[in-house]
There are 2 protein chains.
Amino acid sequence: MSKKWVYFFANGKAEGQADMKDILGGKGANLAEMTNIGIPVPPGFTISTEVCKFYYDHGKTYPEDLKAQVDEALKKLEEVTEKKLGDPEKPLLVSVRSGAAVSMPGMMDTILNLGLNDETVKGLAKLTNNERFAYDAYRRFLQMFGDTALGIPHAEFEKALEAKKEAKGVKLDVELDAEDLRALVEDYKKIYDKHGKEFPQDTYKQLWAAIDAVFGSWMNERAIKYRQINNIKEGELLGTAVNIVTMVFGNMGDDCGTGVCFTRNPNTGEKKPYGEFLQNAQGEDVVAGIRTPVPLEELKKINESVYNELLSIMEKLEKHYKDMQDIEFTIEKGKLYILQTRNGKRTSQAAIKIAVDLVHEGLIDKETAVMRVKPEDVERVLHAKFDDSELKNAKVIAKGLPASPGAATGKVYFDAAKAEKMAKDGEQVILVRPETSPEDVGGMNAAEGILTARGGMTSHAAVVARGMGKPAVVGAEEILVDEETLEFKVNDTVVKEGEWISIDGTTGNVYLGKVKTVKPQGLEGPVAELLTWADEIRRLGVRTNADVPRDAKVARDFGAEGIGLCRTEHMFFEKDRIPKVRRMIVAKTKEQREAALAELLPLQKEDFKGLFRTMKGLPVTIRLIDPPLHEFLPHEEEQMKEVAEQIGITVEELKSVVEQLHELNPMLGHRGCRLTITYPEIAVMQTKAIIGAAIELKREENIDVIPEIMIPLVGHINELKYVKKVVVETAEQLIKEVGIELTYKVGTMIEIPRAAITADQIAQEAEFFSFGTNDLTQMTFGFSRDDVGKFLPEYLEKGILEHDPFKSLDWNGVGQLVKMGTEKGKAARKDLKVGVCGEHGGDPRSILFFDAVGLDYVSCSPYRVPVARIAAAQATIKNRK
Amino acid sequence: MSKKWVYFFANGKAEGQADMKDILGGKGANLAEMTNIGIPVPPGFTISTEVCKFYYDHGKTYPEDLKAQVDEALKKLEEVTEKKLGDPEKPLLVSVRSGAAVSMPGMMDTILNLGLNDETVKGLAKLTNNERFAYDAYRRFLQMFGDTALGIPHAEFEKALEAKKEAKGVKLDVELDAEDLRALVEDYKKIYDKHGKEFPQDTYKQLWAAIDAVFGSWMNERAIKYRQINNIKEGELLGTAVNIVTMVFGNMGDDCGTGVCFTRNPNTGEKKPYGEFLQNAQGEDVVAGIRTPVPLEELKKINESVYNELLSIMEKLEKHYKDMQDIEFTIEKGKLYILQTRNGKRTSQAAIKIAVDLVHEGLIDKETAVMRVKPEDVERVLHAKFDDSELKNAKVIAKGLPASPGAATGKVYFDAAKAEKMAKDGEQVILVRPETSPEDVGGMNAAEGILTARGGMTSHAAVVARGMGKPAVVGAEEILVDEETLEFKVNDTVVKEGEWISIDGTTGNVYLGKVKTVKPQGLEGPVAELLTWADEIRRLGVRTNADVPRDAKVARDFGAEGIGLCRTEHMFFEKDRIPKVRRMIVAKTKEQREAALAELLPLQKEDFKGLFRTMKGLPVTIRLIDPPLHEFLPHEEEQMKEVAEQIGITVEELKSVVEQLHELNPMLGHRGCRLTITYPEIAVMQTKAIIGAAIELKREENIDVIPEIMIPLVGHINELKYVKKVVVETAEQLIKEVGIELTYKVGTMIEIPRAAITADQIAQEAEFFSFGTNDLTQMTFGFSRDDVGKFLPEYLEKGILEHDPFKSLDWNGVGQLVKMGTEKGKAARKDLKVGVCGEHGGDPRSILFFDAVGLDYVSCSPYRVPVARIAAAQATIKNRK
């Protein structure tokens, strides 16, 4: 039985329709659809993508019955247009274009004006009464056909054109008259000769050569590369379709023209037609930028009826496709043709506004609106960005990882303390460091943005900057920071302290000099509305990682439903704490250590009260001390002296402690619960602070808190058992002493592979799990996030990894441990609450996975909360399928 | 229905037997068994362990029908002994002893001479015609009963005894006469009064009080602790049994005596009775060490018929139990009684000889022999040890991890080069380092043994020492090495360069001064025979980790069936290579790097030829470069100068390279396949060396080699794909050029958790797997083996971990990844060969697991090969069940 390979469309009736993209390609399906709904589309036909597949499956040959089907379609086309391919009187001219199911702009071939030859060009001239137009069309066809179908270098034709203009002493193509163009046609033919190619005067041969060329272009290098880059897998698409469409011309006189219009403003989303029009021109003239198009409204003056027709078509198309449309049109002698429509590209702001407006207009439902907006759109409207006009002239001097979004400009300072001081003096500051450490936090907070030469997406600088909502570019490895001479070098550029730079934490770009920024719009209007819809849809809870009330407040305002991770040690770095923390570390006896801890207790209790107060009524997960103790001690000679004096020991003693604490791989060292097993008194102090804070808030301010105490870095159930016992005994005693009712939970991070593997055992002790996917990724891959910059960029470039696993969860590896841990945990304890508090908690692709494997919530940095809300809603919708 | 609680035995007939240990305890079951086979055992009865369980399950009460059963057994006992409990004329005396299914020596209570009171003591005196003996027995009973049944401190009785001797002016107990002892009995009674306790003159009450005491002792602190330490889980044992046995006395005159004998020599295993005898004495006298026993042969002179009877009983018992027996006997007035028999403890050497001899004697089969020997026994006979007699007086100054077995003594040197020089000058040297690095290898090789202050069981020092078969103690954290003053301190002891120390790599002890060592016996005689039997039994192959022909030779001699891991980078440290390696690292262009690699190629090829030649016909797995490159560069100022000069760059350039290569967590850094992905030219060179060596050996020496090229640190299939492509292309080209047939395999280490999780994918590219359980353990636990000394000892002490996971595989966590990786890998590729080359490959408990999950082979350091052979055989037998 014969298969249908060719789909005809004309005069309000098409054999295809919009949902046949797979076999008609996007363009073909849309031409058919538009035809069906009565849009004035030039008639034509589409050769299906299945032919493309057949072509490559069968050694570049066509199905036997294809020719007959093409002939039949061509015949019909000739009938409806009342023209004929190759007819010297009434020649039919067509365009031959590629079009796959997925848009691959500019990657495959297009031939226009097919059907012209030495005879038909005369017919065209007569028919249009415009010889210049006819020969211009012919020479364009010769050029495109030669290049595309026969492989004659494009440049040769260009050269001939330039030579002609030079000979005539003119600059613009339009200054060539019919005579010139006729001569140029002869020059072009000579180029064919020179390359031993023959231009087929037989128009039917032209057609098949063009079809061959389009199918051939599916496997050209550009197209293959494009599919690789855009992650289009082999076999995912059947191939390209070939669209053969009657030519219409916008350049046949002043009653002609061409334009592009959007049904709404693609920059702002405003509901108002938007577009450009160029009289007496073809599409390529617009692209070439030789003449400047006028705003769409001008068309009204030129031809009001066509303008009104266009407006009504725009409305019709938008209603039909239920989205803002980007439409190409041509007016040929006062008649309007629509050449293409597609969902229009738009800015983040517009995407959100349009989606929300369409819901209000009843065109789409809330779920559709939520799916229309990319999570990054939500993020973008909440962060500062550079002024586009200024950005054009700014010089990119380096590129790092886009660690915390937003744009910032300021003067370079290399020292956190100095940065803080300069900011206090009213300067805009960018803190530039080789890498940051917890002691830089003050300077980071004071700066407009942070730039580091080392570190990955989850380095200290990145994590802290995201928490603060500060733009940050990290791991800009080309930058060599010299802290002695107070300058940084990048290639030949030297930037000294006090000089201006600008950084874009959304792209990773570092610019020399000052670039104006545009303030963000904030969480109001359409984005706020969209997010409430997302909240109605999503299954996953969204919490935040916040250590201080300030961050917690930001996150609450952004819609966080609790704190998923409070890193208690961040409080240790405050100026009034750090000496006490250090005395605790250098303590030689348990008694000394307990004395130092006793001084920390009231301070830490106040911290927790602040957090609980801010999060009133929402759950707060507090992680016990996690980092290795040496992180709290100075490592440089100069600082050591100061610190030793401050805490009242000799420099030698301090050095000896630092040396004892030194580890070859601190990431895998004495930290997390390993610390509280060695020094249970730290857990005792922290538990007292947490439970004490909850008790006092309840008694003094009538605020109910359910603290969730989280024990980090557990790999074996016995570790959890040991520390949990200390925590519970301390808590129970405190609660008993006060005689109050207080509920608290004790749970654990799942961040060690072994914990995920033995999650069923661990769930016997843990009342909740929180996946620490940063560390889990480090250990599952064996990648140190601090050092991965040495090879990860190359891995991504060489395609060894598809995603940076610290940015977007590795579904197949780390994800399997998350899945295993969740399943085993929930099997062992039905009411186990399972969340994630790694950086992945704010990454949409990761959130999709977390939703699929049944986590209860994600927790992310405050500024990612809106992103997580929408991503979670999208995950719910996608995973429902 | 009534349950049987009491088991009687007398005169060749017992109600119990040997296989009833669970309910009769070890002692009770053996008494029954011996009775049944006609051994002269004093009659008695056993109250079962089920009573003990009942006792604790029912609030320390007994089953209702117990009393009736005890009464009946007592009656039978009185009948066979023709004595009666409490009878003033013919008093029955019994011992009341505990005895669980598992021997818990000294942990529970024993009461002897029960049945004595103020009346029966007189009867005993008359009956034995020995008043002194009777009162001595009585006062002993009073003491034991008071202490054990009534809780009167033992010391009080001792004090009274001492007072009595002092008053009489004598030193020894035996110097007290009947009168003294009678008075002492009165003194003892006063002690009872003082404590408000009453001594029951009612002998039946005595009996029940003693039964109570024995059952009560099951839960005393000592016993609970013992079970904890020996890993006897709660509920694993029902409890203790109570053995009530007629007393026999070896201290009633010169026709009496007591002794212990072994059926073979427990030190050498020689088949010759061995033991000691003490005339006119009770067991406790032997223990007290007051008199020195004579060798067993002396008994022949004293009483030849008893001696002959004992010899024939020994033979009977050994044949019956099919193992060397440790027998307690007593001679009462010329009549021989056997009080106990059990499998005798023995040295490693004896264990092996006895097992092998018993097979030759037809008593046991080869499998039983293999199961009788502990894998450590095999190891011990192959390593040097200290002379026991000298060891007694040696002072232990520190204790570290027993990293590589054997004993060594020598003069302390802190510098590898100096150690090497001194050794060349004929000194015995112990190399003492804070930790070793690859540059110390020469010194390590020259030294008798290695001692480090830092590092774990899989640290560089430990791994290399094991490979060399050198004794090593590592991670002796108390030791502070001062490389400037050339001394080390440990507490108050200072040891200077050139002073003698001795180290025991089997125990981890460090001794001050010189301790004489005893040379090992080597792989010959019984141990060699036993190992051939093990080879017949085992399913797992045993390979070795060896980098140089010397190690490979040792391993072959020890029975290795191939090389499971050759670490190519170890070759890089040789003096003639390291400058070339360094030039390769500091190369600024690919061309420079390739030039340096070209110089390395012929050297590395020769290395491989050496290995292939040694392993002729056996498989050799060669791992491509693994460690981070900075390990090959110097880090200290002094050395940098020298090296910079040597490789022809400036110190600044070298420093800059070192800084660039610096990593915060090198363990998780730029190493393994990550290196060969960045620098494929290294893989090219190594492949050329491997394949080139195989080709040349084949052509020049007609040796067939199947090299197995192993790509380390793979976490993602694409990493393996990438490097494998480089390897295969290089190999194929080389093979094609030569026009020879050569088979080689390309496989990977599974040492990253992600590799185990995605083993099905990885097996699509890998022709073999080798589990690198060292790194896999590091990453699965999140433990750095270099730093774990900071908390692991505490983890073991606190019972958080049962085993050091670097020493013995963590079955539940890391083991699950090994299982998952093996199953997934073999499911994806049927003929996938799977081995393990981590330190665990030589650990018996780990080998048991590897066998169970279906690995094909284990690979371990050369000196562990014999251990692995026997452990693998035992695993086969155990896992068969």
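How each quantity is defined
- Residues numbered from 1 in each chain as written.
- Chains lettered and ligands numbered in written order.
- Predicted model: local features only at pLDDT ≥ 70, side-chain atom pairs only at ≥ 80, totals over all residues.
- Heavy atoms only, no water.
- UniProt positions renumbered as here; feature names shortened; annotations may be inferred.
- Helix = DSSP H or I, 4+ residues; strand = E, 2+ residues; numbered from the N terminus.
- Contact = heavy atoms within 4.5 Å.
- Core = buried A, V, L, I, M, F, W, Y, C linked by side-chain atoms within 4.5 Å.
- Buried < 20%, exposed > 50% of the residue type's maximum accessible area, 1.4 Å probe, protein only.
- Salt bridge = Lys/Arg side-chain N within 4 Å of Asp/Glu carboxyl O.
- Buried area = accessible area lost by both parts, 1.4 Å probe.
- Least-squares fit on C-alpha atoms with pLDDT ≥ 70 in both.
- Expected span 1.5 Å × (residues − 1).
- Phe/Tyr/Trp six-rings, centres within 6.5 Å; stacked < 30°, edge-to-face > 60°.
- Axes fitted to C-alpha atoms, helices over the stretch in contact; angles between N-to-C directions.
- Left-handed = near helix turned anticlockwise from the far one by under 90°.
- Nonpolar A, V, L, I, M, F, W, Y, C, P; charged D, E, K, R; others polar.
- Pairing = 2+ DSSP bridges.
- Domains from an automatic or database assignment.
- Polar contact = N/O pair within 3.5 Å; in protein donor to acceptor, adjacent residues only side chain to side chain.

In the nomenclature of an unreviewed UniProt entry, chain A is known as Pyruvate, phosphate dikinase of Thermosipho melanesiensis. Under Cofactor (unreviewed entry), UniProt gives the following word-for-word description of chain A: "Mg(2+)". In the Catalytic activity (unreviewed entry) part of its UniProt record, chain A is described as follows: "pyruvate + phosphate + ATP = phosphoenolpyruvate + AMP + diphosphate + H(+)".

A word on the overall build of chain A. Summing up its helical and strand segments, chain A has 36 helices and 32 strands in all. Dimensions along the principal axes, computed over C-alpha positions, put chain A at roughly 105 × 60 × 55 Å. If you take every contact in chain A between residues at least 6 apart in sequence, the share linking residues at least 24 apart comes to 69%.

Another aspect to go through is the nonpolar core. Side chains of a nonpolar character, in soluble globular proteins, are inclined to be buried together. Judged by nonpolar contacts, the single largest core of 232 residues is most densely connected at Phe612 of chain A together with Phe612 of chain B. When neighbours within four sequence positions are excluded, Phe612 of chain A is seen to be in contact with Val620, Ile622, Ile690, Ala693, Ala694, Leu697, Ile703, Val705 and Pro707 of chain A.

Residues and elements named next belong to chain A. The tally for this structure, following the rule as stated, stands at 145 salt bridges over all chains. The shortest N-O distance in the salt bridge between Asp187 and Lys164 comes to 3.7 Å. One end of the pair, Asp187, is in helix H7 (residues 178-194); the other, Lys164, is in helix H6 (residues 154-168), and 23 residues separate them in sequence. For Asp187, a relative accessible area of 24% puts it in the partly exposed group. Its relative accessible area of 19% is what places Lys164 among the buried residues.

Let us now look at the interface of chain B and chain A. Of the residues lining the interface, 48 residues belong to chain B; the matching set on chain A comes to 48 residues. Here chain B packs against chain A, burying approximately 4,200 Å² in sum over the two surfaces, 58% of which is carbon and sulfur. Taken together, the links from chain B to chain A amount to two salt bridges. For Arg754 of chain A, the salt bridge identified is with Asp810 of chain B, shortest N-O distance 2.6 Å.

What follows deals with the UniProt feature "active site" (unreviewed entry) in chain A. Residue and element names in this part refer to chain A. Here, UniProt's "active site" (unreviewed entry) annotation points to His460 and Cys837. Tracing the backbone through its elements, the reader meets Cys837 in the loop between strand S31 (833-836) and helix H35 (844-852). Look past the residues within four positions of Cys837 in its chain and what remains in contact with it is Asn545, Gly564, Leu565, Met710, Met749, Ser770, Phe771 and Ser859.

After a rotation of 180° and a shift along the axis of 0.0 Å, chain B superposes on chain A with an RMSD of 0.2 Å. Look at the turn and shift together and you get a two-fold axis relating the two. Interface overlap between copies: 100% of the residues of chain B at the interface are likewise at the interface in chain A, consistent with a symmetric, same-surface contact.

Right, let's talk about helix H34 (residues 814-828) of chain A for a bit. Here H34 of chain A contains 15 residues, and its C-alpha end-to-end distance of 21 Å stays within 8% of the 21 Å for a straight helix at 1.5 Å per residue. All of the buried residues in H34 of chain A are Val814, Gly815, Leu817, Val818, Met820, Gly821, Thr822 and Gly825 of chain A.

For the structure on display, the rule yields 52 aromatic pairs over all chains. Ring centres of Phe145 of chain A and Phe199 of chain A lie 5.9 Å apart, and the angle between their planes is 90°; on these two criteria the pair is classed as edge-to-face. Taken together, the residues span a long stretch of sequence, with Phe145 of chain A in helix H5 (residues 131-150) and Phe199 of chain A in the loop between H7 and helix H8 (203-217) at a distance of 54 residues. Like Phe145 of chain A, the residue Phe199 of chain A is buried in the burial classification. Judged by centre distance (5.1 Å) and plane angle (85°), the rings of Tyr55 of chain B and Tyr56 of chain B are edge-to-face. Judged by its relative accessible area of 8%, Tyr55 of chain B falls in the buried class. One aromatic cluster is present, built from ring pairs that chain together Tyr138, Phe141, Phe145, Phe157, Tyr188, Tyr192 and Phe199 of chain A.

Residues annotated by UniProt as "domain: Pyruvate phosphate dikinase AMP/ATP-binding" (unreviewed entry) correspond here to residues 62-293 and 300-355 of chain A. The distance separating the terminal C-alpha atoms of residues 300-355 of chain A is 28 Å; by composition the span is 52% helix and 30% strand.

Moving on to the packing of helix H13 (residues 348-360) of chain A against helix H20 (residues 526-537) of chain A. All names here are of chain A. Viewed as axis vectors pointing N to C, H13 and H20 meet at an angle of 65°, and their least axial separation amounts to 9 Å. Along this stretch, H13 crosses H20, giving a crossing that reads as left-handed. Of the residues in H20, those in contact with Ile352, Lys353, Val356, Val359 and His360 of H13 are Pro526, Val527, Glu529, Leu530 and Trp533. Taken together, the residues that form the contact of H13 with H20 break down as seven nonpolar, one polar and two charged.

Turning to the sheet that holds S31 of chain A, a few remarks are in order. Hydrogen bonds between backbone atoms are what pair the strands of a sheet, whose relative direction is either parallel or antiparallel. All names here are of chain A. In space, the eight strands of this closed barrel follow the order S25-S26-S27-S28-S29-S30-S31-S32, with parallel pairing throughout. For this sheet the average axis-to-axis angle between neighbouring strands, irrespective of direction, equals 25°. The sheet contact formed by strand S25 (residues 541-545) and strand S26 (residues 563-567) spans two bridges and is parallel. Residue Asn545 lies in a different strand from S26, and its bridge partner there is Leu565. Helix H36 (residues 865-880) contacts S25 and strand S32 (857-860) of the sheet and is inclined by roughly 160° relative to S25.

Here the focus is the domain arrangement of chain A. Interface size is often expressed as the accessible area that is lost when the parts come together. All names here are of chain A. Along its sequence, chain A is carved into domain 1 (6-246), domain 2 (257-346), domain 3 (384-518) and domain 4 (538-628 + 663-880). Taking the mean C-alpha position of each, domain 3 and domain 4 sit 29 Å from one another. Taken together, the contact between domain 3 and domain 4 spans 15 residues of the former and 17 residues of the latter. When domain 3 packs against domain 4, close to 1,500 Å² is buried across both sides, 53% of that on carbon and sulfur atoms. Along the contact surface separating domain 3 from domain 4 lie zero salt bridges. Across the contact surface, domain 3 and domain 4 share zero residue pairs in polar contact (both at pLDDT 80 or more).

This part takes up the environment of Tyr679 of chain B. Residue and element names in this part refer to chain B. Mapped onto the elements of the fold, Tyr679 is located in the loop between helix H27 (673-678) and helix H28 (680-701). For Tyr679, a relative accessible area of 19% puts it in the buried group. For Tyr679, the contacting residues outside a window of four places in its chain are Arg593 and Leu629.

What follows concerns the sheet that holds strand S7 (residues 257-262) of chain B. Residue and element names in this part refer to chain B. As summarised here, the arrangement of the five strands in space is S9-S8-S7-S10-S11, forming an open sheet in which the pairing is antiparallel. In this open sheet, the two strands that pair with only one neighbour each are strand S9 (294-295) and strand S11 (335-343). Relative to strand S10 (residues 325-332), S7 runs antiparallel, the two being bridged by six bridges. Residue pairing for S10: Cys261 is matched across the bridge by Ile327. Its contacts with the sheet put helix H12 (residues 304-321) on S7, strand S8 (274-279), S10 and S11, and the angle it makes with S11 is roughly 30°.

Moving on to the packing of helix H4 (residues 120-128) of chain B against helix H5 (residues 131-150) of chain B. Residue and element names in this part refer to chain B. Here H4 crosses H5 at 145°, and the two axes come no closer than 8 Å. Two packed elements cross with a definite hand, and for H4 against H5 that hand is right-handed. Counting all contacts with H4, which are made through Val121, Lys122, Leu124, Ala125 and Thr128, the residues of H5 involved are Glu131, Phe133, Ala134, Tyr135, Ala137 and Tyr138. Counted by class, the contact of H4 with H5 contains eight nonpolar, one polar and two charged residues.

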